[in-house]
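Given next are the chains, with one letter for each unit.
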Amino acid sequence: MKHFLFLLLLILPLPAPAATPLLPESVLQINNTFTDQSGRNFELASRRGNTQLVAMFYTSCRYVCPLIIDSAFGIDRRLTAAERANLRVLLVSLDPERDTPEALMSVVKKRHIDTKRWTLARTDDA
């Protein structure tokens, strides 16, 4: 079991897909393939066009990670309806070995997460 937790919580206002080229330091330049809770693959650049709240977590964490999700819920609740409609939440696993799409989906179901705007994802170890 990993005994560390890195937390990255960003709110990234992203330009519309065809609006402007990405800056060299943009996190959207990362070209890894991610897999979501439904087993669908995607790249970060495909999420352009909405404000993104991004956090890292893992499903087997019982203490801090539920608080990360609660914090994201809290931010979401405090937004206006228009802001909420533009927000996308991405929770990326730090434990891809155990956090299969099925494990991610179990968190979605347990926490009643709206997958129209929220995505739980994993990538490979590298």
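Residues numbered from 1 in each chain as written. Predicted model: local features only at pLDDT ≥ 70, side-chain atom pairs only at ≥ 80, totals over all residues. Heavy atoms only, no water.

Visitor: Before we go on, may I ask you to explain the overall build of the chain in this structure?
Guide: The secondary structure content of the chain amounts to three helices and six strands. Counting only residues that meet the buried cut, the chain has 40% of its 126 residues in that class. Pairs at least 24 apart in sequence give 76% of the contacts found in the chain among residues at least 6 apart. Of the accessible surface of the chain, which amounts to about 7600 Å², a share of 57% is contributed by carbon and sulfur atoms. (Helix = DSSP H or I, 4+ residues; strand = E, 2+ residues; numbered from the N terminus. Buried < 20%, exposed > 50% of the residue type's maximum accessible area, 1.4 Å probe, protein only. Contact = heavy atoms within 4.5 Å. Areas by Shrake-Rupley, 256 points an atom, 1.4 Å probe, with all protein chains shown as cover.)

Visitor: Sorry if this is basic, but what is going on with helix 1 (residues 64-78) here?
Guide: Each turn of an α-helix holds 3.6 residues, which means side chains three or four residues apart point in the same direction. Between its terminal C-alpha atoms helix 1 stretches 21 Å, which fits the 21 Å expected from 15 residues at 1.5 Å a residue. When helix 1 is considered as a whole, its buried residues turn out to be Cys65, Ile68, Ile69, Ala72, Phe73, Gly74 and Asp76. Elements in contact with the buried residues of helix 1: strand 4 (51-57), helix 2 (81-86), strand 5 (87-93), helix 3 (101-111) and strand 6 (118-122). (Expected span 1.5 Å × (residues − 1).)

Visitor: Any chance you could explain helix 3 here in plain terms?
Guide: Restricting attention to buried positions, one finds in helix 3 the residues Pro101, Ala103, Leu104, Val107 and Val108. As for helix 3, its buried residues are in contact with strand 2 (34-36), strand 4, helix 1 and strand 6. Just past helix 3, the residue His112 takes up positive phi, approximately 55 degrees.

Visitor: Help me understand the environment of Leu53 in this model?
Guide: Mapping Leu53 onto the fold places it in strand 4. Separated by 35 residues in the primary sequence, Leu53 and Arg88 have C-alpha atoms spaced 6.3 Å apart.

Visitor: In this structure, what is going on with the packing of aromatic side chains? I would like to understand it.
Guide: By convention here, two paired aromatic rings are described through the distance between centres and the angle between planes. Per the stated rule, a full pass over the model turns up two aromatic pairs. Seen from their ring centres, Phe34 and Phe42 are 5.7 Å apart, and the 25 degrees between their planes marks the pair as stacked. Side by side, Phe34 and Phe42 carry an identical accessibility label, which is buried. Note on Phe73 and Trp118: the rings are 4.7 Å apart at their centroids and 35 degrees apart in plane angle, and the pair reads as tilted. Of this pair, Phe73 sits in helix 1 while Trp118 sits in strand 6, and the two are 45 residues apart along the sequence. For Phe73, a relative accessible area of 17% puts it in the buried group. Classification of Trp118 by relative accessible area gives buried; the value is 2%. (Phe/Tyr/Trp six-rings, centres within 6.5 Å; stacked < 30°, edge-to-face > 60°.)

Visitor: Just to check I follow, could you spell out the confidence of the model for the chain for this structure?
Guide: Should the pLDDT be low somewhere, the predicted coordinates at that spot are not to be read in detail. When pLDDT is averaged across the chain, the result is 84; 79% of the residues are at 70 or more. Low pLDDT (under 50) marks residues 1-16, which in the prediction has 46 contacts with non-local residues, meaning those over four places away or in another chain. (pLDDT = per-residue confidence, 0-100.)

Visitor: Before we go on, may I ask you to explain the nonpolar core in this structure?
Guide: The nonpolar side chains of soluble globular proteins are, as a tendency, buried together. Formed by 20 residues in total, the largest nonpolar core has its most connected members in Phe57, Ile69, Val89, Leu91, Ile113, Trp118 and Leu120. Those elements that provide at least two residues to this core are strand 4, helix 1, strand 5, helix 3 and strand 6. Examining the composition of this core, we find that five residues originate from one element, helix 1, more than from any other. Not counting residues up to four positions away in its chain, the partners in contact with Trp118 are Gln37, Ile69, Ala72, Phe73, Asp76, Val89, Leu91 and Ile113. With seven residues, the next largest nonpolar core counts Phe42, Leu44, Leu90 and Ala121 among its residues. (Core = buried A, V, L, I, M, F, W, Y, C linked by side-chain atoms within 4.5 Å.)

Visitor: Looking at this structure, I do not really get the environment of Leu104. What am I missing?
Guide: You can see Leu104 is positioned in helix 3. Taking the C-alpha atoms as reference points, Leu104 and Thr119, 15 residues apart in sequence, are found 9.2 Å from one another. Ignoring anything within four residues of it in the chain, the contact list for Leu104 reads Thr35, Asp36, Gln37, Phe57, Thr59, Asp99, Leu120, Ala121 and Arg122.

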